[in-house]
Amino acid sequence: MADSEKTALPALKGQKPINEKEATSSSQSETNEDIDVNGFGVDEKALIRKLDLKLLPALILLYLLSFLDRSNVANVRVEGLAKDLHMTGNQYLTGLTLYFIGYVLFEIPRNIVLKRTSPKSWLPTLTLTWGIVANLLGIVQSMGGFFAARFVLGMTESGLFPGVVFYLSMWYKREEQHYRISLFFSAASLAGAFGGILAWGIAHMNGVGGLHGWRWIFLLEGMLTVVVSLIAYFFVANYPSTAKFLSPKERACIQARLAANSDATRDEAFTWANVATAAKDPKCWLYGLGFHTMSLPLYTLSLFLPTIIKELGYTAAQAQLLTVPSYAVATVLTIIVAVLSERLKCRAPFIMASSSLAAIGYIGLLASRKAGVRYFGTILAAAGIYPATAIVLSWPANNVSGQTKRATANAMQISIGNLGAVLGTQLYRGADGPRFFLGHSFAFGYLCANILVVGFLWIILRRENAKRDRGERNERLNRVRENEWLGDEDPRWRFQT
């Protein structure tokens, strides 16, 4: 990681020189000492705790419901969905694929809508719409209805994750975002743990109201999402400049923290040129490829884990419960790795180490015939996949500067990434059980590719930071106007590695 000390860099015209500790950089961000908040009469640590308590629980809950509503199809499959809708062969897999096609197609447009509206209205509205669709899945009567509902579910859920990542970047300093995005993403593994328990319990309602148990799973979990979405209109806050739960002094303190650390306080109008800037930046494509190589193992595990475990010789009810340990371990490790990554100020090494752990899990799944070893392999796979994905997803939020460019880069990452999920949904075919060599092999190969992609991006970012430390990019400042900011192309910007 390029944390070299503290070379003076040219200032904008009419301003004093800005050194690396004062600039928006990974090195300057390591402490709060570079920002004088004493003049506001605000305890900064208490303010951050207040933000965490106000913002994070609501966002984590929304993402937990999002992941629950997209992945509960894995639980309902073992409860008889395919049989009741008369699916044969790989038709169930087609329904999974259609979800991600809808997700990918609408990812970037929905994040652009967030930039042009407000989080307080947009995020709850997204939640309400996918909650309604999740309910409709419980009453579909045909395979075609299932296909249509899954496509629309992907379309409606697509704006949440990149939208929240962008939203958090408008509240927290760069070095504070990674841990909070990881906490937010930990809701995915938490949803897996709760999903298994809920599916086990709700499946016992089989026959109530003349409905099969799998329908009740969709209906009850979808109803929960609708109820929470209506409440969310009252507890999701807008941006710091208009947040009513902040005092004027707290608002001024947040603005000062962000102004010294990121572009969050700049009044940047939306332009298509800034969208194109993200598309032209090779690093944005590499962030997307980093998630692409994680999304296939992430979603194949979350969508097929109950089936994989059931094929080890367990009943459907036992398989639902046996998914819980994998997700519980993944949740704990996601938080631990996020804390360590933040304290040690490094991203790529933790991603590569976590991907390696997951790869070991797939080696066990591929190489062993023993049910116990293969089940332990699923735990290792989850324990590596979720922490690695959390850091990968937080990377562009930390490293891309320019509000529209960052919002676009976040959406690009999810869209490119979910193309891996589209492929993954076709890999765990019923005829391939119980060993699922094809699916496990692809997941293993993608994890190895992730290590290579992340390592390559790590080298690129370190080299770019080194060039800026040596002043090799300073000529970019020669023609800037007063108070102009060049985004992450500005030589005072340092990338987190």
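Please refer to the structure higher up on the page.
Residues numbered from 1 in each chain as written. Predicted model: local features only at pLDDT ≥ 70, side-chain atom pairs only at ≥ 80, totals over all residues. Heavy atoms only, no water.

### A closer look at the nonpolar core
Note the following rule: By nonpolar core we mean a set of buried residues, namely Ala, Val, Leu, Ile, Met, Phe, Trp, Tyr and Cys, connected to one another through side-chain atoms within 4.5 Å. Partly exposed describes any residue whose relative accessible area lies between the buried limit of under 20% and the exposed limit of over 50%, with all areas from a 1.4 Å probe on protein chains only and scaled to the type maximum. Contacts are assigned to residue pairs with any non-hydrogen atoms lying within 4.5 Å of each other.
Counting 134 residues, the largest nonpolar core has F161, W171, I385 and Y386 as its most contacted members. Leaving out residues up to four positions away in the same chain, W171 has contacts with L51, L55, A237, N238, Y239, P240, A243, F245, L246, I254 and L258.

### Focus on the packing of helix α3 (residues 91-116) against helix α15 (residues 403-424)
Under the convention used in this document: Simply put, an axis is a line fit to the C-alpha atoms, just over the touching stretch for a helix, and the angle between two N-to-C directions goes from 0 to 180 degrees. The helix and strand labels rest on DSSP assignments: H or I over at least four residues marks a helix, E over at least two residues marks a strand, and numbering proceeds from the N terminus. Small angles under 35 degrees read as roughly parallel and large ones over 145 as roughly antiparallel, with 65 to 115 read as roughly perpendicular and the rest as oblique. For this scheme, ten residues count as nonpolar: Ala, Val, Leu, Ile, Met, Phe, Trp, Tyr, Cys and Pro. Four count as charged, namely Asp, Glu, Lys and Arg, and the remainder, Gly too, count as polar.
Interaxial distance between α3 and α15 falls to 9 Å at its minimum, and their mutual angle equals 180°. What the angle tells us is that α3 and α15 run roughly antiparallel. The residues of α15 that touch α3, namely those facing T97, F100, I101, Y103, V104, E107, I108, N111 and K115, are Q403, T404, A407, N410, A411, M412, I414, S415, N418, L419, A421 and V422. Across the contact of α3 with α15, the residue classes break down as 12 nonpolar, 7 polar and 2 charged.

### Quick word on empty space enclosed by the protein
So the rule is basically this: Only protein atoms enter the 1 Å grid used here. Points where a 1.4 Å probe fits but cannot escape make up a cavity, open sets with protein on both sides within 12 Å along at least five of seven lines make up a pocket, and a residue lines them when an atom lies within 4 Å of a point. Grid points are joined across faces, edges and corners, and a volume is the space filled by probe spheres set on the points.
The full count for this structure, using the stated rule, is 5 cavities of 30 Å³ or more. Every residue lining the largest cavity is counted, 14 residues in all, and those nearest its centre are S71, N75, G192, S302 and Y327. Here the lining of the largest cavity gets 6 residues from one element, more than from any other, and that element is helix α1 (residues 44-77). A breakdown of the residues in the lining of the largest cavity according to their chemical character gives 6 nonpolar, 8 polar and no charged.

### Some words on the environment of F106
Note that F106 resides in helix α3. Separated by 305 residues in sequence, F106 and A411 place their C-alpha atoms 9.4 Å apart. With near-sequence residues (within four places) excluded, F106 lies in contact with F151, M155 and S158.

### Describing unusual backbone geometry
Cis peptide bonds are those with omega within 30 degrees of zero, and the linkage from G433 to P434 qualifies with 5°. With respect to the element layout, P434 can be found in the loop between α15 and α16 (437-469). The backbone phi angle of H86 is positive, close to 60°, even though this residue is not glycine. Position of H86 among the secondary structure elements: in the loop between α2 (81-84) and α3. For H86, a relative accessible area of 64% corresponds to the exposed category. Phi angles above zero are rare outside glycine, and K345 is one such case at about 55°. Residue placement: K345 occurs in the loop between α12 (316-344) and α13 (348-367).

### Topic: the packing of α3 against helix α11 (residues 282-310)
Note the following rule: Take the far helix as the reference: if the near one is turned anticlockwise from it by less than a right angle, the crossing is left-handed, and if turned clockwise, right-handed.
Relative orientation of the contacting elements α3 and α11 amounts to 135°, with a least axis distance of 13 Å. In terms of their interaxial angle, α3 and α11 are classed as oblique. Of the two possible hands of crossing, α3 and α11 adopt the one that is right-handed. For the pair α3 and α11, the contacting residues are Y92, L93, L96 and F100 in the first and Y299, L303 and F304 in the second. The residue inventory of the contact of α3 with α11, partitioned by class, reads 7 nonpolar, no polar and no charged.

### Observations regarding the packing of aromatic side chains
Filter applied, for reference: Classification of ring pairs uses Phe, Tyr and Trp, with its six-membered ring standing for Trp, and accepts pairs whose centres are within 6.5 Å; under 30 degrees between planes counts as stacked, over 60 as edge-to-face, and the remaining range as tilted.
Summed over the entire model, instances satisfying the criterion amount to 20 aromatic pairs. Look at F100 and Y299: their rings are 4.7 Å apart centre to centre, the planes differ by 65°, and that puts the pair in the edge-to-face class. Taken as a pair, F100 in helix α3 and Y299 in helix α11 lie far apart in primary sequence, 199 residues in all. The exposure class of F100 is buried, given its relative accessible area of 1%. Ring plane angle 20° and centroid distance 5.8 Å describe the contact between W171 and F245, whose orientation is recorded as stacked. Of the two residues, W171 sits in the loop between α6 (160-169) and α7 (174-202) while F245 sits in the loop between α8 (213-235) and α9 (248-259), which places them 74 residues apart along the sequence.

### Looking at the environment of A260
When you line up the elements, A260 lands in the loop between α9 and α10 (272-280). The class for A260 is partly exposed, based on a relative accessible area of 26%. Along the backbone, A260 and K173 are 87 residues apart, and their C-alpha atoms lie at a distance of 8.9 Å.

### A short note on the environment of S169
So the rule is basically this: Whenever a nitrogen or oxygen atom comes within 3.5 Å of another N or O atom, the pair is scored as a polar contact, on the condition that within protein one atom can donate a hydrogen and the other can accept it, and that pairs from neighbouring residues in sequence are kept only if both atoms are in side chains.
Residue placement: S169 occurs in helix α6. A C-alpha to C-alpha distance of 9.8 Å links S169 and S394, two positions 225 residues apart in sequence. There is a polar contact of 2.5 Å between the side chain of S169 and the backbone oxygen of F166. In this structure the side chain of S169 is engaged in a polar contact, spanning 2.9 Å, whose partner is the side chain of R406.

### A few points about α12
As a reminder, the rule being used: One less than the residue count of a helix, multiplied by 1.5 Å, gives the span that helix is expected to have.
Its 29 residues give α12 an end-to-end C-alpha distance of 43 Å, which sits within 8% of 42 Å, the value for a rise of 1.5 Å per residue. The positive-phi residue at the C-terminal boundary of α12 is K345, with phi of around 55°.

Purely spatial values, then, with no claim about function.
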